[in-house]
Each structure stands twice: as C-alpha cells, then as structure tokens.
Amino acid sequence: MMGTYSVTLEEKKRGNWGPVGGSPLSRKQSYLNYVMDMMESIMIYYGNKETKTYGLMDINPIKSWDSGKSMKEIFNSNQSTTRGSDAFRLIAGKINDFLTRADNKFSHIKIAVSPEAYNYLTSMPYSDVYDATTAMETFAKSYLAGKGPNGSTPTIEWVADPLLKANSIFNPNDFDYMIIQAPEIGGGPDNESQPTNFWATALKKFVFPVIPGMYNDQYKTLRRVAGIIAPIPAATEVWAGFGVQ
C-alpha cells in the first residue's frame, strides 16, 4: 500500500497553520495515515482479490442467514410479542453451534455487526408483556452455552461496524454481514492462549522523500501487508443477511 503527498516551499515557510495548528508536513502525513488505516481496515474484512490478499470473509464460505428472520424483519414483525426472545434464541443457536464445533475451547467471542443490526438488538424487548430487557442486555448479563474446561462460561462482545452495513461503498449488496470470531484459543498442557487468526503486516510504515525539488517536495508512505493468517479456520464464521436482507 502506497500513498504520496507533496509539500511546497511556501508551505514550509508558513510554519504552523494558525488556529488549525500543526505543520503542513505533519498534518498531511497524519491524514495519509488515516486513509491507509481505513484502507487496511476494509482489507481486514474483505481482502483484496486483485492481489490475492485474504480477509476475514475469505477464511470460510459465507453462510446465508435464515431467510425471513433478519433482525429488521423480527423488529418490524407484528406477529410476536416476544421479539427480543425470538432474536436471542435464533442467535444463541448459531453461537452454540459455533462453540460446540470447538468443544467449548473459546472463552471470548467477538461478534461484529452492522450499526442497523446492533440498534435492533438494543431496542427489541425480550417480551412486550413480561420483560422489557432487550436482547442485547440478555447477552451482556449471561450466556447459557456449555462451560469450558476451566468451568467458565464464554464472554460475548458485540461490535457495531459501518464497514459491514448494506448498500454502502464498502458493501454494495442489499444484505449486511455478521462476523462471529474467537480471537484466542487455549492450547497445550497449560491451556495457554494462542491467536486463532491475525492480520499480518510485514512493514507498518516507511516514509521517504521521492522527488526533492526547488519548490515542491514529494513524500511517499509505504506499507506492506500479507493478509489474514488463520491457523484455526473454525474460529471465524461469517453470516450474510443477519441485520437486513
């Protein structure tokens, strides 16, 4: 990944940019770092087919969420007074399967969803009549999956990420994505935690001048990435159409 910017002699002579603060060189480099970080975040999810750089969605085949049971459809349904319970049981079933395949070796699970799906989960009451607790609060309080070898239940962490939403510049499809991931797993006689997948970066940042000139100097920032390394594919699961479909 490469990005280039230029700084003129006039900009250098100006010094700080008044009330905005900061030198032209540092501000341009800061903005370029932001752009490259955003590009890298997109690649962590979607990868890059042109360079065969793999992302989280390339580890396993993407699964289709149950037709007609997206969080939006459950939220808008007038047929049930237990919408939060319906959503909880549906998601819990998928997480139970995810844990069972790994023999409950995962102690921490991160679930990334679109902001729209997240908002539905935080606003659907477990029961319209008996319990106003939302589906998200139910997950936060406890999760009834089987205990692991050390007797502890897995913790569930939810993340709302705009990169996963539908009909966006990142995801042009009519459906969003949900990614269930266990970042670590215990292994060995001492059950020491080891990463199940990680984003490999060979060179994080290398800044160097490209074309020094009398009036205009160009600077290039180089970053080398190797994509997702996933020694344990079962630790990642991607669902299409979880929030909207």
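The coordinates are above.
Residues numbered from 1 in each chain as written. Predicted model: local features only at pLDDT ≥ 70, side-chain atom pairs only at ≥ 80, totals over all residues. Heavy atoms only, no water.

Enquirer: Mind showing me how you'd approach the pattern of salt bridges here?
Expert: When charged atoms on two side chains of opposite charge get close, those side chains can pair. Scanning all chains against the criterion turns up seven salt bridges. Where R223 meets D37, a salt bridge forms, and the shortest distance between an N and an O atom there is 3.0 Å. One end of the pair, R223, is in strand β11 (residues 216-229); the other, D37, is in helix α2 (residues 24-46), with 186 residues separating them in the sequence. The salt bridge partner of R101 is E237, with a shortest N-O separation of 2.2 Å. Here the residue R101 occupies a position in helix α4 (residues 83-101), and E237 occupies one in strand β12 (residues 236-240), the gap between them amounting to 136 residues. A relative accessible area of 48% means that R101 is categorised as partly exposed. A cluster of three or more residues bridged by salt bridges with shared partners is formed by D37, E40, K204 and R223. (Salt bridge = Lys/Arg side-chain N within 4 Å of Asp/Glu carboxyl O. Helix = DSSP H or I, 4+ residues; strand = E, 2+ residues; numbered from the N terminus. Buried < 20%, exposed > 50% of the residue type's maximum accessible area, 1.4 Å probe, protein only.)

Enquirer: Even after reading the chapter, I still don't get unusual backbone geometry, so can you show me in this structure?
Expert: Most of the time, phi is negative for any residue but glycine, and the peptide bond is trans. In this structure, D103 takes a positive phi of about 55° despite not being glycine. Residue placement: D103 occurs in the loop between α4 and β3 (108-113). D103 gets classed as exposed once you look at its relative accessible area, which sits at 61%. Phi at N104 takes a positive value of approximately 60°, unusual for a residue other than glycine. Note on placement: N104 falls in the loop between α4 and β3.

Enquirer: Just to check I follow, could you spell out the pairing of β12 for this structure?
Expert: On any regular strand, side chains alternate: one points to one face of the sheet, the next to the other face. Of all five residues in β12, five are buried, a share of seventy percent or more. Burial along β12 is two-sided: the residues T236, V238 and A240 and E237 and W239 are all buried. Sheet topology note: the strand β2 (residues 63-64)/β12 ladder contains two bridges and is parallel. Paired with K63 across the two strands is W239, which belongs to β12. Where strand β7 (residues 177-181) lies against β12, five bridges are found, and the strand directions are antiparallel. The partner of Y177 across the bridge, within β12, is A240. (Pairing = 2+ DSSP bridges.)

Enquirer: I tried to follow the packing of aromatic side chains on my own but got confused; where do I start?
Expert: Two numbers describe a pair of aromatic rings. These are the distance of the centres and the angle of the planes. Throughout the structure, instances matching the rule amount to ten aromatic pairs. With centroids separated by 6.1 Å and ring planes inclined at 70°, the aromatic side chains of Y46 and Y177 adopt a geometry described as edge-to-face. Here Y46 is found in helix α2, whereas its partner Y177 is found in strand β7, with 131 residues between them in sequence. Of the two residues, Y46 and Y177, neither departs from the other in class, the shared state being buried. Aromatic side chains F175 and Y177 sit 5.6 Å apart centroid to centroid with 85° between the ring planes, which places their arrangement in the edge-to-face category. Grouping aromatic residues by their ring pairs yields a cluster made of Y45, Y46, F175 and Y177. In this structure, K94 packs its charged tip against the face of W239, placed 5.3 Å from the ring centre. (Phe/Tyr/Trp six-rings, centres within 6.5 Å; stacked < 30°, edge-to-face > 60°. Lys NZ or Arg CZ within 6 Å of the ring centre and 35° of its normal.)

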